[in-house]
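Below are the chains, spelled out letter by letter.
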Amino acid sequence: MARKKIIAGNWKMNMTPSEAVELINTLKPLVKTEEADVVFCVPAIDIIPAVEAAKGSNIQIGAENLYFEEKGAFTGEISPAMLTDAGVKFVVIGHSERRQYFAETNETVNKKVLKAFEHGITPIVCCGESLEQREQGITIDWIRQQIKIAFLNVTADQAKTAVIAYEPIWAIGTGKTATSDQAEEVCGAIRKCIGEIYDEATAAAIRIQYGGSVNAKTAPELFTKPDIDGGLVGGASLKPEFGQIVNWH
Ligand code: PEP
């Protein structure tokens, strides 16, 4: 069965609640499609108004993070039950900005992935290499390690529903998109790694996105590659251009 594309916006730390509603109302008619899942991953405080604003449209709302405990003395954190109660369907886990600025590790990523599945939230698991790692020729080894740890104790049935976002760090927010061949090489290696951890059926089912300066110009070539099932889009998800990315063909 062909995999349905999934195109997700990562708003990062942008948009106040009222700006979020305005942006969703602007983008709603532009991101209409039956051919792809369309997800807006928004700051925690925007989730409730975003879910309300997206009602009746094909937009699903995701979070940008969650905490791996159920509840309790974890000041400032957001629990998975808070997210599901608010209507969240997806959560970005292990974005490179969280790894870089908030000490997220492969181990905390794994805990969060397990917790998301426990609550029926689909994780968008991020991985990616630095420019230095690419130049050292260790990209694939590095990504395989990130994936293997992120999916520890995740069942094949869960993994089949997961989304992985391959995001080379050197391409995020830099305007420097990976070439479609570079992106396909790594997304193919990720699928192979999933096949090794699980089986062919799981490798064939899991959806793998590319992220890193995706824009309306680069999306069509990237999204036609066999192992690239859509994109995780930062900057361009805040603009009407996101409509062109979603309707890329
Ligand atoms: C991201 O935030 O995941 C991202 C890929 O950002 P950008 O598209 O701005 O590079």
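Scroll up to find the structure this text is about.
Description of the structure in this document. (Residues numbered from 1 in each chain as written. Predicted model: local features only at pLDDT ≥ 70, side-chain atom pairs only at ≥ 80, totals over all residues. Heavy atoms only, no water.)

Take the overall build of the protein next. Looking only at helices and strands, the protein has twelve helices and eight strands in total. Reported as C-alpha extents along the three principal axes, the dimensions of the protein are approximately 45 × 45 × 35 Å. Out of the 249 residues in the protein, the part that is buried amounts to 53%. Restricting the contact set of the protein to residue pairs at least 6 apart, pairs at least 24 apart contribute 74%. Only carbon and sulfur atoms are counted for the fraction: they give 54% of the accessible area of the protein, which is about 11,200 Å². Here the protein contributes 25 positively and 32 negatively charged side chains, and the mean placements of these two sets differ by 2 Å. (Helix = DSSP H or I, 4+ residues; strand = E, 2+ residues; numbered from the N terminus. Buried < 20%, exposed > 50% of the residue type's maximum accessible area, 1.4 Å probe, protein only. Contact = heavy atoms within 4.5 Å. Areas by Shrake-Rupley, 256 points an atom, 1.4 Å probe, with all protein chains shown as cover. Lys, Arg positive; Asp, Glu negative; His and termini not counted. Charge placed at Lys NZ, Arg CZ, Asp CG, Glu CD.)

The strand order around the closed barrel formed by eight strands is β1-β2-β3-β4-β5-β6-β7-β8, and the pairing between neighbours is parallel. Across this sheet, the average inter-strand angle for adjacent strands is 30°, counted without regard to direction. Bridging between strand β7 (residues 207-211) and strand β8 (residues 230-233) involves two bridges; their strand directions are parallel. Considered in β8, the bridge of Tyr210 is made with Gly231. (Pairing = 2+ DSSP bridges. Axes fitted to C-alpha atoms, helices over the stretch in contact; angles between N-to-C directions.)

Turning to the site of the ligand, a few remarks are in order. In the vicinity of the ligand, 14 residues are found, and the nearest of them are Lys12, Glu167, Gly173, Ser213 and Gly234. In this structure, Ser213 approaches the ligand through a main-chain N or O atom, which is 2.7 Å from an oxygen atom. Within the backbone of Gly234, an N or O atom sits 2.8 Å from an oxygen atom of the ligand. Surface burial for the ligand is 96%, taken as the share of its 300 Å² of free accessible area covered by protein chains. (Near = heavy atom within 4 Å. Polar contact = N/O pair within 3.5 Å; in protein donor to acceptor, adjacent residues only side chain to side chain.)

Turning to the packing of helix α5 (residues 106-118) against helix α7 (residues 139-150), a few remarks are in order. Where α5 contacts α7, the axes come no closer than 8 Å and their chain directions differ by 40°. Considering their axes alone, α5 and α7 lie oblique with respect to each other. Crossing handedness for the pair α5 and α7: right-handed. Together, Asn106, Glu107, Val109, Asn110 and Val113 of α5 and Gln145, Gln146, Ile149 and Ala150 of α7 make up the contact between the two elements. (Parallel < 35°, antiparallel > 145°, perpendicular 65-115°, else oblique. Left-handed = near helix turned anticlockwise from the far one by under 90°.)

Among all residues except glycine, the phi angle is most often negative; among peptide bonds, the trans geometry is most common. For Ala103, which is not a glycine, the phi torsion comes out positive at approximately 55°. Here Ala103 shows up in the loop between α4 (96-101) and α5. Of note, the phi angle at Asn153 is positive, near 65°, even though the residue is not glycine. With respect to the element layout, Asn153 can be found in the loop between α7 and α8 (156-161). In this structure Asn153 comes out as exposed when scored by relative accessible area, which is 67%.

This part covers the environment of Ala171. Here Ala171 lies in the loop between β6 (163-166) and α9 (180-197). Relative accessible area serves as the criterion here: at 0%, Ala171 is assigned to the buried category. As for Ala171 and Gly120, which are separated by 51 residues in sequence, their C-alpha atoms are 31 Å apart. Not counting residues within four places of it along the chain, the set of residues in contact with Ala171 comprises Lys176, Ala178, Tyr210, Gly212 and Ser213.

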